[in-house]
Amino acid sequence: MQNKGIIKVFAILFALVCIYQLSFTFIAGNIEGDAEEFAQQEVPESVDGYITARERAEQRYLDSIGNEEVFLGITYNSAKEKELNKGLDLKGGINVILQISVKDILRELANNSKDPAFNQALLRADEAQKTSQENYLDLFFEAFEEIPDARLASPDIFANRNLSDEINFEMTNEEVKPIIRRKIDESIISAFEVLRKRIDKFGVTQPNIQRLGSSGRILVELPGAKEIQRVQDLLQSTAQLEFWHVYKSNEFQNFFVQANNLLKQIEVEEAAETAEADVDTAQAGQDEIDALLESASDTAQVAEQNNPLFDLMASPGFQGGPVLATFNIADTAKVRQYLNMPQVRNLLEGEQRYTKFVWGITEEDAEVAPLYAIRGNRQNEPPLSGSVITDATQAYDQVGRVAVTMQMNGKGAKTWEEMTALAAENQSQIAIVLDNVVYSAPGVSQAGGISGGRSEITGDFSITEGQDLANVLRAGKLPASADIVQSEIVGPSLGQEAIDSGIMSFAIALILVLLWMIFYYGKAGIFADIALVVNILFIFGVLAGLGAVLTLPGIAGIVLTIGMSVDANVLIFERIREEYAKGKVQKDAIRDGFSNALSSILDANITTGLTALILLVLGTGPIKGFATTLLIGIATSLFTAIFITRLFIDNYAKNPNKSLEFSTGVTKNLFSGLNIKFLQKRKTFYVVSGVFLLVSLGSLFTQGLNQGVDFVGGRSYTVRFDKAVNPTELEDELVTEFGSASAKTFGAANQIKITTKYKVEEEGSEVDEEITQKLFAAVQSYLPEGTTYEDFTVGGEGEREIGIMQSIKVGPSIADDIKQASIWAVLGSLLVIFLYILLRFRKYQFSLGAVVAVIHDVLIVLGVFSLTYKFMPFNMEIDQAFIAAILTVVGYSLNDTVVIFDRIREFFNEHPSWTKKDAINAAINSTVSRTVNTSLTTLVVLLAIFIFGGESIRGFMFALIVGVIVGTYSSIFIATPITYDTFNKETKKRKLKQKETVE
């Protein structure tokens, strides 16, 4: 191998970079461990609500040391930002897909038009969306075009006053459509921006929010979120954009002084009461009482010197400005608590009694937040709401500064003129408030009010800030509802259990593979093991560096990579053993072994990589995590097997006195000299496979499959009880409550998976709450006495032993989309692989044999699930994870098949005088050792995950286990014989044609 020095340097640097990336996870984990210990010492279990108190103590500890240097300039806060992200299933939290109502936006753009054609098109689009995969806007346009003489540019539809600048009644439908598309897109961007700002309030360290294509769907992932109900309500509520008058800072100077003195007095009184209580309860002599009295006096003096409000103030506001003061962000909750105390509120007189204290928007890295005082009223209603805004854009003023222009409708323009006139007269500001956060508080630069409804907001904005403000203003214009069409909620207890089971399965699988490689290949196996450990370091380092999210299926992908990554080393070692058998010296055998194995390694990994790539493109959530780790694992496995292993072997073998056998005494002659006539037995195996396929197809057509909520829609709950529960009895209770429901044991006997389609087509937090209440009522008799609804619902504080551990909701429309995408994923992978093998081997027979074998494998795996799902003691639902398993089976089966095909092609070229039957038989025999080795190591890994990896992926693992067994079988007994028969058939046709030509 040439360029060894470059490869060594690269490998060392890459390893150091990976260690550096993982160090952030290690540092953050250590500090969080210290915080947990601190909380346990600070809050004993005897304290009421100790779990919540400990969580708060942990957070205080982390906040206090967040910016302190830990190691080489790294702080806890910086380490937390760069640590390896954990997904929902490992950390708990909530994952939702929100559907922004395009119908609501269209209605708003059309000023709630009563036009018959417009409303008829909306109704038709509603019906079509139930069975179509097209987005709502396209369905609306199609329905509208079917209505005779209907015009989008009608004054009663879109050629209205609000859109008059862009749409006039002379435009054709085709001219109006792109404008409406742009308006819809702007509205979704605005909704996206609003959601992003709301998510910042949840205190989640690694949130993820992204648009899903042009469908109006937005994915929100909040690992670690605990206030689940609050999250759901806030995500689904429409944007509350409001305009309020603002008090000047100098109008509240006296109030702050009075409030501070009052709070000081309250603290002194509380300190004195505490000290007196200590004296009253003292069971000691006069000396101890005197000491307590002296201590009480000292405490009162300290309290007297404190300034509760002013001590929290970072800086006062500017004289006459709208900001009262700025406070450290960490203290905002305390300040709000002080200002909302009844005694403090009573200090406000006259109109100030209705004051609303509101925080201003802050930058991402800001340490302080501004406080505003809004002029409230008895009705608590703003003078002007955001619904009056018809447009808002980021622009530039006359001197080139970033500005934001906004246009209001007629009703809004009149109120806006009155508000700006009053602000100009008082030289005060008007606050732009979204979801109770002040985004801007501009003053009025001209004399008198601003008429016409068109205004320009200027200030010290960056372009991004200007765009954000424009998005915020537009968000108030189109109050489109956002419905949760898919959600997954995981409690922290279930997440921790998933981590524990994932680590255990990972460790067991790794140990078994390491031991097997040493047992089979001896010293060479040790070198392969070192490469494997380096490979794992690379995988985790790349995941951390890319900011990827580690999920439970992701861990399964890594563990599966361990099993599959040895395949490259097995291929290399088997080829080296063959070169030894030809009588070559050690140096030449190693060189030629690596060289000859390269083609098979690349082909096998590329086919597996193609299926993983399709998963990455078409999958969602955890499936993307699985595909990501699998792709990274394939890339790093190739590098470590081809280069790292080679470095160790070449370094060892360069000494001619050192012998490297690539086997042990037990395995030295294993599988050597095989001469099995595989093709002669092909008809027997055709019959065996035919029987399996008939049984599978029969079961699929009669029994069907146990489709999960991913594919049929509905709600699913994993509920844990304090003792074993009979699922049949519980199901009767559920049917009484919901009309239709199912209950199955999920893992331990005290854990049940409950599924229902009750009100599956209805959206909204009220419906979700109603169903959870009904579920609680149905199972309450099985719960410990005294269990409350709050104890039962998912997402409560701390780790829990009973109640809802996980809940999943999938609406019917998104279920259809998931099913459709899954079908395309499988068909797409078959097509891509057929084309790749055709391109690589240049003969359609190879592609045909591979694709038939893959279809055979998929049908048998489906058949096994169909036949056994009713009595298997674990979950065997067909969901997105199952589709990932099917595509992995496709990749694995092809991996095996391509290795055999590569050897067949090699034998065809090396032995042109051999018959095709002899060459194919010899090729299969020469790969048996590799096939057995790879299949065994992969199965050992899969079994380790199946047994120890947790209930949630047991069905996923079972599909892979069946797939690996069937895939290994089909590579030898289906793919290769079909390839041979099609070769044979073509030869017979050619001979027949030649004979006819001669005659």
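Rules behind the numbers
- Here, residues in each chain are numbered from 1, in the same order as that chain's written sequence.
- Per-residue local features of the predicted model are confined to residues with pLDDT of at least 70, and side-chain atom pairs are confined, for both listing and counting, to 80 or more; whole-chain, interface and lining totals are unaffected and use all residues.
- Water and hydrogen atoms were dropped before computing side-chain values, which therefore reflect all heavy atoms in the structure.
- Under the DSSP-based scheme used, a helix requires at least four consecutive residues in state H or I and a strand at least two consecutive residues in state E, with every element numbered from the N terminus.
- Exposed residues in this analysis have more than 50% of their type's maximum accessible area, buried residues have under 20%, and partly exposed residues fall in between, with area computed by a 1.4 Å probe over protein chains only.
- Two residues qualify as a contact provided that any one of their heavy atoms is within 4.5 Å of a heavy atom in the partner residue.
- Computed by Shrake-Rupley with a 1.4 Å probe, the accessible areas treat only the displayed protein chains as cover when residues are assessed.
- Angles here are taken between N-to-C directions and fall from 0 to 180 degrees, while the axes themselves are lines fitted to C-alpha atoms, restricted in helices to the stretch in contact.
- Here the word oblique covers every angle except those under 35 degrees (roughly parallel), over 145 (roughly antiparallel) and from 65 to 115 (roughly perpendicular).
- Should the near helix be turned counterclockwise from the far one by less than a right angle, the crossing is left-handed, whereas a clockwise turn marks it as right-handed.
- Residues with no salt bridge and a relative accessible area higher than 30% make up the patches, which join like charges within 9 Å and nonpolar side chains (Val, Leu, Ile, Met, Phe, Trp, Tyr) within 5 Å.
- A pairing counts as a salt bridge when a side-chain nitrogen of Lys or Arg comes within 4 Å of a carboxyl oxygen of Asp or Glu.
- Strands qualify as paired when DSSP identifies two bridges or more between them.
- Definition of a polar contact: a pair of N or O atoms within 3.5 Å, with one able to donate and the other able to accept a hydrogen when the atoms are protein atoms, and with sequence-neighbouring residues admitted only if both atoms are side-chain atoms.
- Ring geometry is summarised as follows: Phe, Tyr and Trp rings, the Trp one being its six-membered ring, pair when their centres sit within 6.5 Å, and such pairs are stacked at plane angles under 30 degrees, edge-to-face over 60 and tilted between the two.
- Whether a charge sits over a ring depends on NZ of Lys or CZ of Arg being within 6 Å of the ring centre and within 35 degrees of the ring normal.
- Only buried residues count toward a nonpolar core, which is a set of Ala, Val, Leu, Ile, Met, Phe, Trp, Tyr and Cys residues joined through side-chain atoms within 4.5 Å.
- Helix span is expected to be 1.5 Å times the residue number reduced by one.
- Note that the bend at a residue is defined as the angle between axes fitted to the seven residues ending at it and the seven residues starting at it.
- Only four residue types enter the tally: Lys and Arg on the positive side, Asp and Glu on the negative side; His and the chain ends are excluded.
- Taken as the charge location is NZ of Lys, CZ of Arg, CG of Asp or CD of Glu.
- Predictor confidence is given residue by residue as pLDDT, running from a minimum of 0 to a maximum of 100.

Caption draft 1: Up close: the overall build of the chain. If you tally the helices and strands in the chain, you get 30 helices and 23 strands. The proportion of buried residues among the 999 residues of the chain is 53%. A separation threshold of at least 6 residues defines the contact pool for the chain, and within that pool the share at least 24 residues apart is 74%. Just so you have it, the chain exposes about 45,800 Å², and 55% of that area is on carbon and sulfur atoms.

Caption draft 2: Fine view of the packing of helix α1 (residues 4-42) against helix α17 (residues 523-546). It is at 8 Å that the axes of α1 and α17 come closest, and there the two elements cross at 55°. The angle between α1 and α17 falls in the class oblique. As for how α1 packs across α17, the hand of that crossing is left-handed. From α1, Ala11, Phe14, Ala15, Cys18, Ile19, Gln21 and Leu22 reach across to α17, where they touch Leu537, Phe538, Phe540, Gly541, Val542, Ala544 and Gly545.

Caption draft 3: Region of the structure containing the side chain of asparagine 706. With respect to the element layout, asparagine 706 can be found in the loop between α21 (682-702) and α22 (709-712). By relative accessible area, asparagine 706 is classed as buried at 15%.

Caption draft 4: Expanded view of a nonpolar patch on the surface. On the surface, Leu613, Val617, Leu618, Ile823, Trp824 and Leu827 cluster together into a nonpolar patch covering about 600 Å² of accessible area. Considering the arrangement of structural elements, one finds valine 617 in helix α19 (residues 586-618).

Caption draft 5: Fine view of the sheet that holds strand β6 (residues 217-223). Judged by pairing direction, the sheet is antiparallel, and its 8 strands sit side by side in the order β5-β6-β4-β18-β23-β20-β22-β21 without closing on themselves. Every other strand in the sheet has two partners, leaving β5 (208-212) and β21 (741-745) as the edge strands with one partner each. This sheet shows a mean twist of 20° between the axes of neighbouring strands, independent of strand direction. Note: strand β18 (residues 482-490) against strand β23 (residues 803-810), 5 bridges, orientation antiparallel. Looking at β23, one finds that serine 487 is bridged to lysine 809. Lying on the sheet, helix α23 (residues 727-738) is in contact with β21 and β22 (751-756); it crosses β21 at an angle near 160°.

Caption draft 6: Representation of the environment of arginine 378 within the structure. Summarising the element assignment, arginine 378 is placed in the loop between β11 (368-374) and β12 (384-385). As for arginine 378 and tyrosine 354, which are separated by 24 residues in sequence, their C-alpha atoms are 6.5 Å apart. A polar side-chain atom of arginine 378 sits 3.1 Å from a polar atom in the side chain of tyrosine 354.

Caption draft 7: Structural view of the packing of aromatic side chains. A complete count under the given rule lists 40 aromatic pairs for this structure. Centroid distance phenylalanine 140 to phenylalanine 141: 5.8 Å. Interplanar angle 50°. Geometry classified as tilted. Residue phenylalanine 140 shares its accessibility class with phenylalanine 141, and that shared class is buried. The cationic tip of lysine 916 hangs over the ring face of phenylalanine 983; the distance from NZ or CZ to the ring centre is 5.4 Å.

Caption draft 8: Just the nonpolar core, in detail. Grouped together as the largest cluster of nonpolar side chains are 123 residues, with contacts concentrated most on Phe573, Ile837 and Phe882. Ignoring sequence-local partners within four residues, the contact set of phenylalanine 573 consists of Met517, Tyr521, Ala524, Gly525, Ala528, Thr645, Ile649 and Phe662. One finds Val96, Leu98, Leu195 and Ile218 within the second-largest nonpolar core, a separate group that totals 48 residues.

Caption draft 9: Just α19, in detail. With 33 residues, α19 should cover 48 Å at 1.5 Å per step; its first-to-last C-alpha distance of 47 Å lies within 8% of that length. Of all bends in α19, the biggest is about 35°, found at leucine 598.

Caption draft 10: Fine view of the side chain of serine 663. When you line up the elements, serine 663 lands in the loop between α20 (622-653) and α21. Here serine 663 falls in the buried class, since its relative accessible area comes to 13%. With residues up to four places along the chain from it excluded, the contact list for serine 663 reads Tyr520, Tyr521, Gly522, Arg577 and Lys668.

Caption draft 11: Summary view of a positive patch on the surface. Among the surface-exposed residues, Lys8, Lys523, Lys654 and Lys658 lie close enough to one another that they form a single positively charged patch. The partly exposed category is assigned to lysine 658, whose relative accessible area is 38%.

Caption draft 12: The packing of α19 against helix α28 (residues 880-910), seen in detail. One can describe the packing of α19 onto α28 by two numbers: an axis separation of 8 Å at closest approach and a directional angle of 160°. As far as their axial angle goes, α28 and α19 are roughly antiparallel. Along this stretch, α19 crosses α28, giving a crossing that reads as right-handed. On the side of α19, the interface is formed by Ser599, Ser600, Asp603, Ala604, Thr607, Thr608, Thr611 and Leu615, while α28 contributes Ala884, Leu887, Val890, Gly891, Leu894, Asn895, Val898, Val899, Asp902 and Arg905.

Caption draft 13: View of the environment of valine 932. Mapped onto the elements of the fold, valine 932 is located in helix α29 (residues 916-948). Under the relative-accessibility criterion, valine 932 is labelled partly exposed at 29%. Distance in space between the C-alpha atoms of valine 932 and phenylalanine 671 is 9.7 Å, their sequence separation being 261 residues.

Caption draft 14: Representation of the pattern of salt bridges. For the structure shown, the criterion picks out 27 salt bridges. Among the ionic pairs, glutamate 83 bridges to lysine 80, the shortest N-O distance being 2.8 Å. Linked through salt bridges whose partners overlap, the residues forming this network are Glu579, Lys582, Lys584, Asp588, Arg591 and Asp592.

Caption draft 15: Here's a closer look at the sheet that holds strand β17 (residues 454-458). Overall, antiparallel pairing links the 3 strands, which are arranged β13-β14-β17 in an open sheet. Among the strands making up the open sheet, the edge pair consists of β13 (389-396) and β17. When strand polarity is set aside, the average angle formed by the axes of neighbouring strands in this sheet is 20°. Both strand β14 (residues 402-408) and β17 contribute to a ladder of 5 bridges, which runs antiparallel. Along β17, the bridge assignment pairs threonine 405 with glutamate 456. Against the sheet, helix α14 (residues 410-426) makes contact with β14 and β17, and its axis sits at roughly 120° relative to β14, the strand it touches most.

Caption draft 16: Main features of the confidence of the model for the chain. Confidence along the chain averages 80 in pLDDT terms, with 86% of residues attaining 70 or more. The secondary-structure element of the chain with the lowest mean pLDDT is helix α11 (residues 286-305), recorded at 52, while α21 shows the highest, at 92.

Caption draft 17: Up close: the pairing of strand β8 (residues 313-316). In terms of strand pairing, β8 meets strand β9 (residues 323-328) through 3 bridges, oriented antiparallel. Following the sheet pairing, serine 315 is matched in β9 by threonine 326. Between β8 and β9, which follow one another and run antiparallel, lie 6 residues, and glycine 320 among them has a positive phi close to 85°.

Caption draft 18: Examining unusual backbone geometry more closely. A positive phi angle is found at asparagine 112, which is not glycine, with a value near 50°. Among the structural elements, asparagine 112 can be located in the loop between α5 (102-109) and α6 (116-129). The backbone of aspartate 149 sits at a positive phi, close to 60°, despite the residue not being glycine. Looking at the secondary structure, you find aspartate 149 in the loop between α7 (136-145) and α8 (173-199).

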